[in-house]
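# Per-entry structural report
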Amino acid sequence: MKSIIFNNVFFKYSNPQANDSRPFEELVKNYAVKDVSFSVDEGQFVAVIGHNGSGKSTLAKLANGLLIPEKGEVNILGLDTKESKNLYEIRKNVGIVFQNPDNQMIAAIVEDDIAFGPENIGVPSEEISGRVDWALNAVGMQQFRNTSSYRLSGGQKQRIAIAGVLAIKPKILVLDESTAMLDPIGRKEVLNVVKNLNKEFNMTVLLITHYMEEAAFADKIVVLNDGEKVLEGSPAEIFNSYDYLKQIGLSVPFASEVARRLAFSGVDINSGGILATEQLFESISRLLS
Ligand SMILES: Nc1ncnc2c1ncn2[C@@H]1O[C@H](COP(=O)(O)OP(=O)(O)O)[C@@H](O)[C@H]1O
Ligand SMILES: [Mg+2]
């Protein structure tokens, strides 16, 4: 079963001259998303990378029906986002966590913050407390239930933002650079929560990030450049395209970079397969032993 299908999706934000008679090939240059197709299976963890302005946030908003394609289709859990009767179901099932943790806190106390979403969609009040418990557990924040939101670290706030989204019980979790404003510890906390939700609850994850180390954990990576999908493949495949990624303003995980440079100087430690620091350590240790 497919959770997300993008089928030749085109989107632009505005059309200043509706009667612009230039050919479509010319007009399309100003589109934020151009002819993008990809799909995400149920329970799959897909990362989206691309430099600033490449269309990543637009893609996230197309995925929950906040934006509707001008051409092509976005299909979520079998529902076309173009049909307005599907939008409630789609938005309930696609939880998005954004970049700034401070803009996502609604209530002063953690449990009220998490309860806000389910209350808003009319979940019966006797069910809400259980949902708050479940969501707090899923992000490892049970002990903060009665804490003031302002006392939390950035990473903790993002975990609460994720819990708030989980309390609505979405099938798909979209993270739009949700770790960008966090310190390394906060980033790790959030990524671990996301990995766990994916593994333990089979939650479908679309992780938009500019940290290549995070993308390396995905089952699949989609690379955007100027609104177009330019690469799609496993992390190992994507990070093998080192020169091309550099050319479009992206990098590779630090461990891959080290392995690559070692390979250049004649020390071959399976450079194509190395994505994480632990793998790098293991390969070097093996080589030295
Ligand atoms: N609300 C908006 N109105 C007009 N143009 C926008 C708006 N949001 C984004 N854009 C433009 O759409 C393109 C893609 O933006 P975005 O999806 O935010 O990229 P990313 O998230 O990869 O940085 C950029 O050229 C950006 O300037
Ligand atoms: Mg963005």
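Above this text you will find the structure in question.
A brief report on the enclosed structure follows. Everything numeric in this text was worked out from a predicted model, so none of it was measured.

## Side note on the overall build of the protein
- Counting secondary structure elements, the protein contains twelve helices and ten strands.
- Expected size for 289 residues packed as a compact globule is a radius of gyration near 19 Å; at 20 Å, the protein falls within 12% of this value.
- With the C-alpha coordinates of the protein rotated into their principal frame, the extents come out at 65 × 60 × 35 Å.
- Considering the protein as a whole, with its 289 residues, one finds that 43% of them fall into the buried category.
- For the protein, restricting intrachain contacts to residue pairs at least 6 apart in sequence, the fraction spanning at least 24 positions comes to 66%.

## Focus on the site of ligand 1
- The environment of ligand 1 is made up of Tyr 13, Ala 32, Gly 50, Asn 52, Gly 53, Ser 54, Gly 55, Lys 56, Ser 57 and Thr 58.
- Of the residues in the shell around ligand 1, the class split is two nonpolar, seven polar and one charged.

## A look at the environment of Trp 134
- Mapping Trp 134 onto the fold places it in helix H5 (residues 125–138).
- With 54 residues separating them in the primary sequence, Trp 134 and Lys 188 have C-alpha atoms 21 Å apart.

## Details of the sheet that holds strand E4 (residues 71–76)
- The strand order across the open sheet built from four strands is E2-E1-E4-E5, with neighbouring strands paired in antiparallel fashion. The open sheet has two free edges, formed respectively by strand E2 (33–41) and strand E5 (79–80), since each of these has just one partner strand.
- Summarising the sheet, E4 and E5 pair through two bridges and their orientation is antiparallel. Looking across to E5, one finds that Asn 75 is bridged to Asp 80.

## Thoughts on the sheet that holds strand E7 (residues 172–176)
- Reading across the sheet, the six strands line up as E6-E7-E8-E3-E9-E10 and stay open at both edges, with mixed pairing between neighbours. In this open sheet, the two strands that pair with only one neighbour each are strand E6 (94–97) and strand E10 (228–233). Neighbour-to-neighbour, the strand axes of the sheet open up by a mean angle of 20°, direction not taken into account.
- Relative to strand E8 (residues 204–208), E7 runs parallel, the two sharing five bridges. Of the residues in E8, the one forming a bridge with Asp 176 is Ile 208.
- The strands touched by helix H2 (residues 56–63) within the sheet are strand E3 (45–49), E6, E7, E8 and strand E9 (220–225), with E7 carrying the most contacts at an inclination of about 155°.
- Against the sheet, helix H7 (residues 184–201) contacts E3, E7 and E8, and its axis sits at roughly 155° relative to E8.

## Side note on the nonpolar core
- Formed by 76 residues in total, the largest nonpolar core has its most connected members in Ala 63, Ala 163 and Leu 206.
- No other element matches the six residues that helix H6 (residues 154–166) contributes to this core.
- With residues up to four places along the chain from it excluded, the contact list for Ala 63 reads Ile 4, Val 74, Ile 76, Val 94, Val 174 and Leu 206.

## Structural notes on the packing of H6 against H7
- In the contact formed by H6 and H7, the axes pass within 8 Å of each other and the chain directions differ by 25°. In this view, H6 runs roughly parallel relative to H7, as classed from their interaxial angle. Seen from above, H6 lies across H7 with right-handed handedness. Of the residues in H7, those touching H6 at Gly 154, Gly 155, Gln 158, Arg 159 and Ile 162 are Ile 185, Gly 186, Glu 189, Val 190 and Val 193.
- For the contact of H6 with H7, a count of residues per class yields four nonpolar, four polar and two charged.

## Comments concerning the pairing of E9
- Of all six residues in E9, six are buried, a share of seventy percent or more.
- Of the two faces of E9, the one holding Lys 220, Val 222 and Leu 224 and the one holding Ile 221, Val 223 and Asn 225 are both buried throughout.
- Where E3 lies against E9, four bridges are found, and the strand directions are parallel. Paired with Val 46 across the strands is Lys 220, a residue of E9.
- Bridging between E9 and E10 involves five bridges; their strand directions are antiparallel.

Analysis parameters
Residues numbered from 1 in each chain as written. Chains lettered and ligands numbered in written order. Predicted model: local features only at pLDDT ≥ 70, side-chain atom pairs only at ≥ 80, totals over all residues. Helix = DSSP H or I, 4+ residues; strand = E, 2+ residues; numbered from the N terminus. Rg over C-alpha atoms; globule rule 2.2 N^0.38 Å. Buried ≥ 20, exposed ≤ 12 C-beta atoms within 10 Å, placed from the backbone. Contact = placed C-beta atoms within 7 Å. Near = placed C-beta within 6 Å. Nonpolar A, V, L, I, M, F, W, Y, C, P; charged D, E, K, R; others polar. Pairing = 2+ DSSP bridges. Axes fitted to C-alpha atoms, helices over the stretch in contact; angles between N-to-C directions. Core = buried A, V, L, I, M, F, W, Y, C linked by C-beta atoms within 7 Å. Parallel < 35°, antiparallel > 145°, perpendicular 65-115°, else oblique. Left-handed = near helix turned anticlockwise from the far one by under 90°.

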